[in-house]
Amino acid sequence: MSHIAAVTLVVPDYDEAILHYCEGFGFDLIEDTDFGNGKRWVLIAPPGSHETRLLLGKASTPEQIAAIGHQTGGRVFLILFTDDFARDHASFSAAGAVFTEAPRQEPYGTVAVFRDRFGNLWDLLQPKN
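Residues numbered from 1 in each chain as written. Predicted model: local features only at pLDDT ≥ 70, side-chain atom pairs only at ≥ 80, totals over all residues. Heavy atoms only, no water.

**Q** Please provide a residue-by-residue account of the overall build of the protein, values included.
**A** The secondary structure content of the protein amounts to 3 helices and 9 strands. When the helices and strands of the protein are placed in sequence order, the string is β-α-β-β-β-α-β-α-β-β-β-β. What you see for the protein is a C-alpha radius of gyration of 15 Å, in line with the 14 Å of a compact globule of 129 residues. Counting only C-alpha atoms, the protein reaches 45 × 30 × 30 Å along its principal axes. Expressed as a percentage of its 129 residues, the buried residues of the protein come to 37%. Contacts in the protein between residues far apart in sequence, at least 24 positions, make up 50% of those at least 6 positions apart. Carbon and sulfur atoms make up 54% of the accessible area of the protein, which totals about 7,400 Å². Side-chain charges of the protein comprise 10 positive and 17 negative groups, with the mean position of each set lying 4 Å from the other. (Helix = DSSP H or I, 4+ residues; strand = E, 2+ residues; numbered from the N terminus. Rg over C-alpha atoms; globule rule 2.2 N^0.38 Å. Buried < 20%, exposed > 50% of the residue type's maximum accessible area, 1.4 Å probe, protein only. Contact = heavy atoms within 4.5 Å. Areas by Shrake-Rupley, 256 points an atom, 1.4 Å probe, with all protein chains shown as cover. Lys, Arg positive; Asp, Glu negative; His and termini not counted. Charge placed at Lys NZ, Arg CZ, Asp CG, Glu CD.)

**Q** So, the UniProt feature "domain: VOC" (unreviewed entry) in the protein: which residues are in play, and what are the values?
**A** Here, the residues flagged by UniProt with the feature "domain: VOC" (unreviewed entry) are residues 3-127. Measuring from the first to the last C-alpha atom of residues 3-127 gives 21 Å, for a span that is 22% helix and 41% strand. (UniProt positions renumbered as here; feature names shortened; annotations may be inferred.)

**Q** If you had to explain the sheet that holds strand β2 (residues 28-36) to someone new, which residues and values would you point to?
**A** Pairing is mixed in the open sheet, where 4 strands are placed in the order β1-β4-β3-β2. Every interior strand has two partners, whereas the edge strands, β1 (6-11) and β2, have only one. Strand-to-strand twist across the sheet, computed as the mean angle between neighbouring axes with direction ignored, equals 25°. As paired strands, β1 and strand β4 (residues 53-58) are joined by 6 bridges and run parallel to one another. Looking at β4, one finds that Val10 is bridged to Gly57. (Pairing = 2+ DSSP bridges. Axes fitted to C-alpha atoms, helices over the stretch in contact; angles between N-to-C directions.)

**Q** Which residues make up helix α1 (residues 14-24), and what values do they have?
**A** Looking at α1, one finds that the buried residues are Tyr14, Ala17, Ile18, His20, Tyr21, Cys22 and Gly24. Close packing links the buried residues of α1 with β1, β2, β3 (39-45), β4, α3 (85-94) and β9 (121-127). The residue sitting at the N-terminus of α1 and contributing the capping side-chain oxygen is Asp13; that oxygen lies 3.1 Å from the backbone nitrogen of Asp15. Taken from the residues just after α1, Gly26 is the one with a positive phi, measuring 80°. (Polar contact = N/O pair within 3.5 Å; in protein donor to acceptor, adjacent residues only side chain to side chain.)

**Q** Describe the environment of Gly24, listing the residues and the values that go with them.
**A** Examined against the element boundaries, Gly24 turns out to sit in helix α1. Residues Gly24 and Arg104, 80 residues apart in the sequence, show an inter-C-alpha distance of 23 Å. In this view, Gly24 contacts Leu19, Ser91 and Ala95; residues no more than four positions away in its chain are not counted.

In C-alpha coordinates form, the structure reads like this:
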(Lines give C-alpha, C1' and ligand atoms only; values in the text may rest on other atoms or scores of the structure.)
Protein backbone atom coordinates (compact mmCIF):
# COMPACT_ATOMS: atom_id res chain seq x y z
CA MET A 1 0.00 0.00 0.00
CA SER A 2 1.21 3.52 -0.79
CA HIS A 3 0.11 6.96 0.35
CA ILE A 4 1.25 10.53 -0.05
CA ALA A 5 3.28 11.32 3.05
CA ALA A 6 3.78 15.06 2.52
CA VAL A 7 3.04 17.89 0.13
CA THR A 8 5.51 20.79 0.01
CA LEU A 9 4.07 24.22 0.67
CA VAL A 10 6.47 27.03 -0.31
CA VAL A 11 6.48 29.79 2.31
CA PRO A 12 8.48 33.00 2.83
CA ASP A 13 9.58 32.15 6.39
CA TYR A 14 9.44 29.00 8.53
CA ASP A 15 8.51 30.66 11.80
CA GLU A 16 5.85 32.90 10.26
CA ALA A 17 4.29 29.86 8.57
CA ILE A 18 4.38 27.77 11.76
CA LEU A 19 2.69 30.60 13.64
CA HIS A 20 0.04 31.03 10.93
CA TYR A 21 -0.86 27.38 10.49
CA CYS A 22 -0.27 26.06 14.01
CA GLU A 23 -1.36 28.98 16.17
CA GLY A 24 -3.91 30.39 13.73
CA PHE A 25 -5.43 27.27 12.18
CA GLY A 26 -4.74 24.83 15.00
CA PHE A 27 -2.46 22.53 13.00
CA ASP A 28 0.02 20.33 14.84
CA LEU A 29 3.76 20.87 14.51
CA ILE A 30 4.95 17.33 13.79
CA GLU A 31 8.65 18.02 13.31
CA ASP A 32 11.03 20.96 13.14
CA THR A 33 14.60 19.84 12.50
CA ASP A 34 17.32 22.43 11.85
CA PHE A 35 19.82 21.34 9.18
CA GLY A 36 21.89 24.54 9.45
CA ASN A 37 22.48 27.23 6.85
CA GLY A 38 18.83 28.31 7.05
CA LYS A 39 17.45 24.88 6.06
CA ARG A 40 14.85 23.13 8.20
CA TRP A 41 12.60 20.09 7.87
CA VAL A 42 9.24 21.39 9.10
CA LEU A 43 6.21 19.11 9.00
CA ILE A 44 2.75 20.26 10.07
CA ALA A 45 -0.66 18.61 9.90
CA PRO A 46 -4.26 19.30 10.82
CA PRO A 47 -5.22 17.71 14.14
CA GLY A 48 -6.04 14.03 13.67
CA SER A 49 -4.30 13.74 10.31
CA HIS A 50 -2.43 10.45 10.46
CA GLU A 51 -0.84 10.12 7.04
CA THR A 52 -0.60 13.30 4.97
CA ARG A 53 1.52 16.20 6.19
CA LEU A 54 2.52 19.59 4.83
CA LEU A 55 6.25 20.13 4.46
CA LEU A 56 6.98 23.84 4.82
CA GLY A 57 9.69 24.79 2.35
CA LYS A 58 11.25 28.23 2.72
CA ALA A 59 11.58 29.92 -0.65
CA SER A 60 15.22 30.61 -1.47
CA THR A 61 15.30 31.55 -5.17
CA PRO A 62 13.43 34.21 -7.15
CA GLU A 63 11.38 31.46 -8.83
CA GLN A 64 10.40 29.95 -5.50
CA ILE A 65 9.53 33.35 -4.05
CA ALA A 66 7.32 34.02 -7.07
CA ALA A 67 5.56 30.66 -6.51
CA ILE A 68 4.43 31.48 -2.97
CA GLY A 69 0.65 31.39 -3.04
CA HIS A 70 0.58 30.45 -6.74
CA GLN A 71 1.75 26.86 -6.77
CA THR A 72 -1.34 25.74 -8.67
CA GLY A 73 -1.73 28.66 -11.05
CA GLY A 74 -4.73 30.16 -9.26
CA ARG A 75 -6.66 26.95 -8.57
CA VAL A 76 -7.55 25.62 -5.14
CA PHE A 77 -4.39 23.95 -3.85
CA LEU A 78 -5.49 22.08 -0.73
CA ILE A 79 -8.76 20.65 0.54
CA LEU A 80 -9.23 20.61 4.29
CA PHE A 81 -11.98 18.38 5.66
CA THR A 82 -13.70 19.50 8.86
CA ASP A 83 -16.24 17.95 11.17
CA ASP A 84 -17.59 21.39 12.18
CA PHE A 85 -17.73 23.86 9.30
CA ALA A 86 -19.14 26.80 11.32
CA ARG A 87 -16.46 26.44 14.04
CA ASP A 88 -13.56 26.31 11.59
CA HIS A 89 -14.97 29.01 9.31
CA ALA A 90 -15.12 31.41 12.28
CA SER A 91 -11.76 30.33 13.69
CA PHE A 92 -9.91 30.56 10.37
CA SER A 93 -11.48 33.95 9.62
CA ALA A 94 -10.25 35.23 12.99
CA ALA A 95 -6.77 33.85 12.18
CA GLY A 96 -6.49 35.84 8.96
CA ALA A 97 -7.98 33.51 6.35
CA VAL A 98 -9.92 35.45 3.73
CA PHE A 99 -12.95 33.59 2.44
CA THR A 100 -13.46 34.38 -1.22
CA GLU A 101 -17.10 33.26 -1.16
CA ALA A 102 -19.96 32.60 1.20
CA PRO A 103 -20.34 29.01 2.40
CA ARG A 104 -22.37 26.96 -0.05
CA GLN A 105 -24.13 23.62 -0.03
CA GLU A 106 -23.00 21.13 -2.63
CA PRO A 107 -24.11 17.52 -3.14
CA TYR A 108 -20.90 16.43 -1.37
CA GLY A 109 -21.15 18.83 1.61
CA THR A 110 -20.70 22.39 2.87
CA VAL A 111 -17.75 24.19 1.30
CA ALA A 112 -16.11 27.60 0.94
CA VAL A 113 -12.84 28.70 -0.62
CA PHE A 114 -10.41 30.67 1.50
CA ARG A 115 -7.02 32.27 0.94
CA ASP A 116 -4.37 31.85 3.64
CA ARG A 117 -1.84 34.51 4.66
CA PHE A 118 0.48 33.50 1.84
CA GLY A 119 -2.10 33.50 -0.96
CA ASN A 120 -2.79 29.77 -1.19
CA LEU A 121 -6.36 28.81 -2.00
CA TRP A 122 -8.00 26.11 0.11
CA ASP A 123 -11.40 24.47 0.21
CA LEU A 124 -12.80 24.18 3.73
CA LEU A 125 -15.16 21.23 3.35
CA GLN A 126 -17.50 19.45 5.71
CA PRO A 127 -18.49 16.32 3.79
CA LYS A 128 -22.02 15.02 4.00
CA ASN A 129 -22.32 11.99 6.21
